[in-house]
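# An overview of the molecular structure
These are the residues of each chain, in order.
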Amino acid sequence: MTEIWNDWLTHHDQLLGGLWVSLRLAFMALLLGLPAGLVLAVGASSRRRVLRGFIVVVIEIGRGTPALVMLQVVYNGIPVTLTGFVCAYIALALTTAAYTSEIIRGGLQSVPGGEIEAGRALGMSSFDVLRDIVIPQGLRIAIPPLMGFCILMFQATSLAFIIAVPELTSQARSIANNTFHYLNLFVIAGVLYAIVTVSASLVTEQVEKKLQRHV
Amino acid sequence: MTTSPALPHDAIVLQNVEKQFGDHVVLNNVSMSVSSGEVVALIGPSGAGKSTLLRCINLLERPTSGSITVEGVTIQVDHSIKAKELAALRSRVGMVFQSFNLFPHLTVLRNISLPQQRVLGRSQAEAEERAMTLLERVGLADKAKQYPGRCSGGQQQRIAIARALALDPKVMLFDEPTSALDPELGLEVLAVMRELADEGMTMVVVTHEMQFARDVSDHVVVMSDGAILEEGKPHEIFASPSQPRTRAFLRAVLDRQ
Ligand SMILES: Nc1ncnc2c1ncn2[C@@H]1O[C@H](COP(=O)(O)OP(=O)(O)O)[C@@H](O)[C@H]1O
Ligand SMILES: [Mg+2]
C-alpha cells in the first residue's frame with residue numbers, strides 16, 4: 001500500500017496530466033460523435049431506400065470495427081499528418097457515431113406513430129415533424145443509454161495508447177517502463193478511471209430518476 | 001354577380017376513390033360529396049373502410065386512384081403530388097383521431113400554437129393568442145400551462161379539436177372521437193362537436209354514437225365492405241333503412257347501447 005502511495009506522490013503530476021488528456025479526448029469524441037450519431041439515426045430511419053441502405057452499411061462497418069482497429073486505421077490511413085490526439089479524436093468519434101446512432105434510432109422509433117400522423121395531418125412538413133415531435137421525444141428516451149455509452153467511451157480512450165496519445169494509460173505505462181512498478185501504476189490508473197466512471201454513473205442515475213418523474 | 005360565400009357549395013368531392021393495400025381492396029370506387037356547412041355521419045361495421053376513406057380526404061392515405069376535391073382544389077391521386085399542394089390541402093382540413101395524439105412533451109398551449117407557427121407562419125404571440133381563444137371555447141383555458149398527460153381523455157380530445165381548429169380549417173374530419181372515452185367524458189367532446197356543427201363547420205364524423213348521428217348530422221352515409229351501402233337523411237336511414245345490411249348493423253349497434 002505505502003509503495004503505491006509513494007508512486008502516486010512521485011508521479012501524480014504526470015498521471016493527472018494523462019487523466020486530463022483522457023477526459024479531453026472523450027469529451028471531443030462525444031462532441032463530434034453524438035451529433036453525427038443523430039444524423040446517422042435519422043438517415044437510417046429515412047423512407048428513401050438507397051439512402052437508408054447506405055447509412056445502415058456505414059453504421060454496421062462502424063460498429064463492426066473494434067475501436068483499437070479504428071484508431072490505427074485513422075492514424076495510418078489519413079494522408080495528411082495529424083497529431084495522435086487528433087487521430088484518436090476522429091477514430092473515437094466515428095465509433096461513437098456508429099454506436100450511438102443505434103441507441104438514438106431506438107429512441108426515435110419509440111415515438112408513437114399516431115403523433116407523427118397528427119403532425120402530418122396538421123400540415124407540418126416531414127422536417128418539422130422530425131424536429132418538433134420525433135427528435136425531442138426520441139432523444140429523451142435515449143438519454144440514459146447514451147450516458148452509459150459516454151462512460152464506455154471514456155474508458156475506451158485508454159486504447160489511444162496504441163498511437164502514442166499521452167492519455168492516462170499511456171502515462172502509467174511509460175512511468176512503469178522506467179520504474180518497473182507495473183502493478184502499482186495500473187492500480188493507480190484504475191482508481192482514477194473508477195473515480196470518473198463511478199461519479200458519472202451516479203449522475204446518470206439521478207438523470208434517469210428525473211426523466212421518469214416527468215413522463 | 002358575386003357569389004356570397006354563405007351560399008352552400010361542395011366542400012368535399014370524392015370521385016371514384018379506390019384504395020388497395022397490396023391486393024386487398026379496401027375502398028371500391030367510392031364517390032361522395034359534402035356541402036359546405038353540412039355534417040355527415042359515416043357509419044358502418046368495423047373494417048368497412050370508414051377510417052381509410054376519412055384518411056384519404058387529407059391524403060394521410062393515398063388512394064390508388066380517383067380524385068379528391070376540397071374547397072375547389074382538386075388533387076388527382078395518380079399524378080405526382082407536390083409537398084406544397086399536400087400542405088395546402090392539409091391546412092384546409094382538420095382531423096381528430098380516436099387516440100387524441102397530442103404531443104406529450106409540449107404544454108397544452110404549445111400543442112396548439114406550434115402547428116400554427118410552422119404551418120401558417122404565425123408569430124408566437126399571434127399563435128398563442130389564437131390558442132387561448134380556442135382553449136376558452138372548449139372550456140380548458142385553465143389547462144394552458146399543463147402537459148397533456150395531466151388531462152383527462154375528454155379534455156385531451158377537446159384540446160385536439162382546438163389544435164385542429166387553430167389552423168382555421170374549412171372542413172373537420174373526426175375518426176371515432178369518443179370511442180376511447182368513458183361515456184360521460186365522451187359527452188363533453190360531443191358537446192363541443194355539436195357547437196361546432198351549429199356554427200356551420202363542415203364536418204365528416206365516423207362514429208358509433210347513433211344518438212349524435214341522428215340529432216346532429218344532416219346526412220348519414222352507411223359503409224360496408226369498402227363501398228357506400230346507402231345514404232340519406234338521418235330520419236330516413238334510422239327509421240326505414242332500405243338495405244337489410246344497414247338494418248342488421250343498426251340493430252347490432254343499438255342493442256349494444
Ligand atoms: N395500413 C393498412 N394496411 C393494410 N390493411 C389496412 C390498413 N389500414 C386498414 N386496412 C384494412 O382495411 C380495411 C378497412 O379498415 P378501416 O378503414 O380501418 O375500417 P373501419 O374504420 O371502417 O373499421 C380493414 O380490412 C383493414 O384491415
Ligand atoms: Mg376505423
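About the thresholds
- Residue numbering note: each chain is counted from 1, following its sequence as written.
- In the order they appear in the text, chains get letters beginning with A and ligands get numbers beginning with 1.
- Given that the model is predicted, a residue must reach a pLDDT of at least 70 before its local features are reported, and side-chain atom pairs must reach 80 or more before they are shown or counted; all residues, however, enter totals for whole chains, interfaces and linings.
- Here the side-chain values reflect all heavy atoms present in the structure, with hydrogen atoms and water set aside.
- We call a residue near a given molecule or strand whenever any one of its heavy atoms falls within 4 Å of it.
- What qualifies as a polar contact is a pair of N or O atoms within 3.5 Å, subject to a donor-acceptor requirement within protein and to the restriction that residues adjacent in sequence count only when both atoms come from side chains.
- With residues, only the protein chains shown are counted as cover, and all accessible areas are computed by Shrake-Rupley using a 1.4 Å probe.
- A helix here means a DSSP run of H or I that spans at least four residues, while a strand means a run of E at least two residues long, and both kinds are numbered starting from the N terminus.
- Note that Gly is not counted as nonpolar here; it falls among the polar residues with everything else outside the nonpolar set of Ala, Val, Leu, Ile, Met, Phe, Trp, Tyr, Cys and Pro and the charged set of Asp, Glu, Lys and Arg.
- In this analysis, the expected span of each helix is defined as 1.5 Å times one less than the number of residues it contains.
- Exposure categories follow from relative accessible area, calculated using a 1.4 Å probe and restricted to protein chains: below 20% of the type maximum is buried, above 50% is exposed, and the middle band is partly exposed.
- Regarding the arc, it is the one traced by the directions from the helix axis to the C-beta atoms.
- Strand pairing follows a simple DSSP-based rule, namely that at least 2 bridges must link the two strands.
- All axes are obtained by fitting lines to C-alpha atoms, using only the stretch in contact for helices, and the reported angles, taken between N-to-C directions, cover 0 to 180 degrees.
- Here, residues are in contact when the closest pair of their heavy atoms is within 4.5 Å.
- Each of two parts loses accessible area, computed with a 1.4 Å probe, when they are put together; buried area is these two losses added.
- Definition used for salt bridges: Asp or Glu carboxyl oxygen within 4 Å of a side-chain nitrogen of Lys or Arg.
- Patches were defined on residues exceeding 30% relative accessible area and lacking a salt bridge, with like-charge contacts within 9 Å and nonpolar side-chain contacts (Val, Leu, Ile, Met, Phe, Trp, Tyr) within 5 Å.
- In this analysis, rings of Phe, Tyr and Trp, with Trp reduced to its six-membered ring, are considered paired at centre separations within 6.5 Å, and the interplanar angle assigns stacked below 30 degrees, edge-to-face beyond 60, and tilted for intermediate values.
- Ring-over charges, as used throughout, are those where CZ of Arg or NZ of Lys falls within 6 Å of the ring centre and within 35 degrees of the ring normal.
- Nonpolar cores are built from buried Ala, Val, Leu, Ile, Met, Phe, Trp, Tyr and Cys residues. Side-chain atoms within 4.5 Å join them into one set.
- When the strands point away from the viewer and the path from the first strand over the helix to the second turns clockwise, the crossover is right-handed.
- A residue's pLDDT is the predictor's confidence in that residue, given on a scale from 0 to 100.
- Roughly parallel means an angle under 35 degrees; roughly antiparallel means over 145; roughly perpendicular covers 65 to 115; every other angle is labelled oblique.
- A clockwise turn of the near helix away from the far one marks a right-handed crossing, whereas an anticlockwise turn of less than a right angle marks a left-handed crossing.

### Comments concerning the site of ligand 1
Residue and element names in this part refer to chain B. Taken together, the neighbourhood of ligand 1 is formed by Phe-21, His-24, Val-26, Pro-45, Ser-46, Gly-47, Ala-48, Gly-49, Lys-50, Ser-51 and Thr-52. Gly-47 places a polar main-chain atom, nitrogen or oxygen, 2.7 Å from an oxygen atom of ligand 1. Burial of ligand 1 by the protein amounts to 60% of the accessible area it has alone, namely 560 Å². Looking at the shell around ligand 1, the elements that each hand over two or more residues are strand E2 (24-35) and helix H1 (50-57). Here the shell around ligand 1 is composed, by residue class, of four nonpolar, six polar and one charged.

### Quick word on helix H4 (residues 124-137) of chain B
Residue and element names in this part refer to chain B. In a regular helix each residue adds 1.5 Å, so 14 residues correspond to 20 Å; H4 covers 20 Å between its end C-alpha atoms and thus fits that length. Of all the residues in H4, the buried ones are Ala-127, Ala-131, Leu-134 and Leu-135. Along the axis of H4, the buried residues cluster in a sector spanning 100°; they form a single face. Facing away from the buried side of H4 by over 90 degrees, the exposed positions are Ala-125, Glu-129 and Glu-136. Immediately downstream of H4, the backbone of Gly-139 shows phi near 75°, a positive value.

### Structural notes on the sheet that holds strand E7 (residues 171-175) of chain B
Residue and element names in this part refer to chain B. Overall, mixed pairing links the six strands, which are arranged E6-E7-E8-E3-E9-E10 in an open sheet. The open sheet terminates on both sides in strands that have one partner only, identified here as strand E6 (93-96) and strand E10 (227-232). Averaged over all pairs of adjacent strands, the angle between strand axes in this sheet comes to 20°, irrespective of strand direction. Summarising the sheet, E7 and strand E8 (residues 202-206) pair through five bridges and their orientation is parallel. When the sheet's bridge partners are listed, Phe-174 is paired in E8 with Val-205.

### A few points about the interface of chain A and chain B
The interface is formed by 16 residues belonging to chain A together with 21 residues belonging to chain B. Here chain A meets chain B over a buried area of about 1,600 Å², counting both sides, of which 62% is carbon and sulfur. Taken together, chain A and chain B are joined by two salt bridges. Salt-bridge contacts for Asp-132 of chain A lead to Arg-118 of chain B; the nearest nitrogen and oxygen are separated by 2.6 Å. At the junction of chain A with chain B, the criterion picks out five residue pairs in polar contact (both at pLDDT 80 or more). Elements that contribute at least two residues to the side of chain A that touches chain B include exactly helix H5 (113-121) and helix H6 (126-156) of chain A. Looking at the side of chain A that touches chain B element by element, the count peaks at seven residues for H5 of chain A. By residue class, the composition of the side of chain A that touches chain B is six nonpolar, four polar and six charged.

### Regarding the pattern of salt bridges
Residues and elements named next belong to chain B. Inspection of every chain in the model, using the stated rule, returns 12 salt bridges over all chains. Residue Arg-245 pairs with Asp-225 through a salt bridge whose shortest N-O separation is 3.1 Å. Within this pair, whereas Arg-245 is found in helix H9 (residues 244-256), its partner Asp-225 is found in the loop between strand E9 (219-224) and E10, the two being separated by 20 residues in sequence. Look at Arg-245 and you get partly exposed, because its relative accessible area is 47%.

### Considerations on a nonpolar patch on the surface
Nonpolar side chains collect at one region of the surface, where Leu-183, Val-187, Val-191 and Ile-195 of chain A lie side by side and expose about 370 Å² of accessible area between them. Looking at the secondary structure, you find Ile-195 of chain A in helix H8 (residues 182-213).

### A short note on the packing of aromatic side chains
Within this structure, the stated rule accounts for two aromatic pairs over all chains. Between Tyr-99 of chain A and Phe-149 of chain A, the ring centres sit 6.0 Å apart and the planes meet at 25°, which makes this aromatic pair stacked. In this pair, Tyr-99 of chain A sits in helix H4 (residues 84-109) while Phe-149 of chain A sits in helix H6, placing the two residues 50 residues apart along the sequence. You can call Phe-149 of chain A buried: its relative accessible area is 8%. The lysine or arginine in question, Arg-63 of chain A, covers the ring of Tyr-99 of chain A, its NZ or CZ lying 5.8 Å from the ring centre. If you follow Arg-214 of chain B out to its NZ or CZ, it ends over the ring of Phe-238 of chain B, 5.1 Å from the centre.

### Thoughts on the nonpolar core
Formed by 49 residues in total, the largest nonpolar core has its most connected members in Ile-12, Leu-14, Leu-53 and Leu-173 of chain B. No other element matches H6 of chain A, which puts six residues into this core. Once you skip the residues sitting within four places of it in the chain, Leu-173 of chain B turns out to touch Leu-54, Ile-57, Asn-58, Val-93, Gly-94, Met-95, Val-96 and Val-204 of chain B. If you look at the next biggest cluster of nonpolar residues, it comprises 35 residues, including Cys-151, Leu-190, Met-201 and Phe-212 of chain B.

### Section: the pairing of E7 of chain B
Side chains on a regular strand alternate between the two faces of the sheet. With respect to burial, E7 of chain B is a largely interior element, five of its five residues being buried. This β-α-β element, E7 of chain B to helix H6 (residues 183-198) of chain B to E8 of chain B, shows right-handed connectivity.

### A closer look at the confidence of the model for chain B
Here chain B averages 93 in pLDDT, and 97% of its residues register 70 or above. Note on the complex model: pTM 0.89, ipTM 0.92.

### Re the packing of helix H5 (residues 153-165) of chain B against H6 of chain B
Residues and elements named next belong to chain B. It is at 7 Å that the axes of H5 and H6 come closest, and there the two elements cross at 25°. If you check the angle between H5 and H6, you find them roughly parallel. Judged by the twist between their axes, the crossing of H5 over H6 is right-handed. Together, Gly-153, Gly-154, Gln-155, Gln-157, Arg-158, Ile-161 and Leu-165 of H5 and Leu-185, Glu-188, Val-189, Val-192, Met-193 and Leu-196 of H6 make up the contact between the two elements. Across the contact of H5 with H6, the residue classes tally to seven nonpolar, four polar and two charged.

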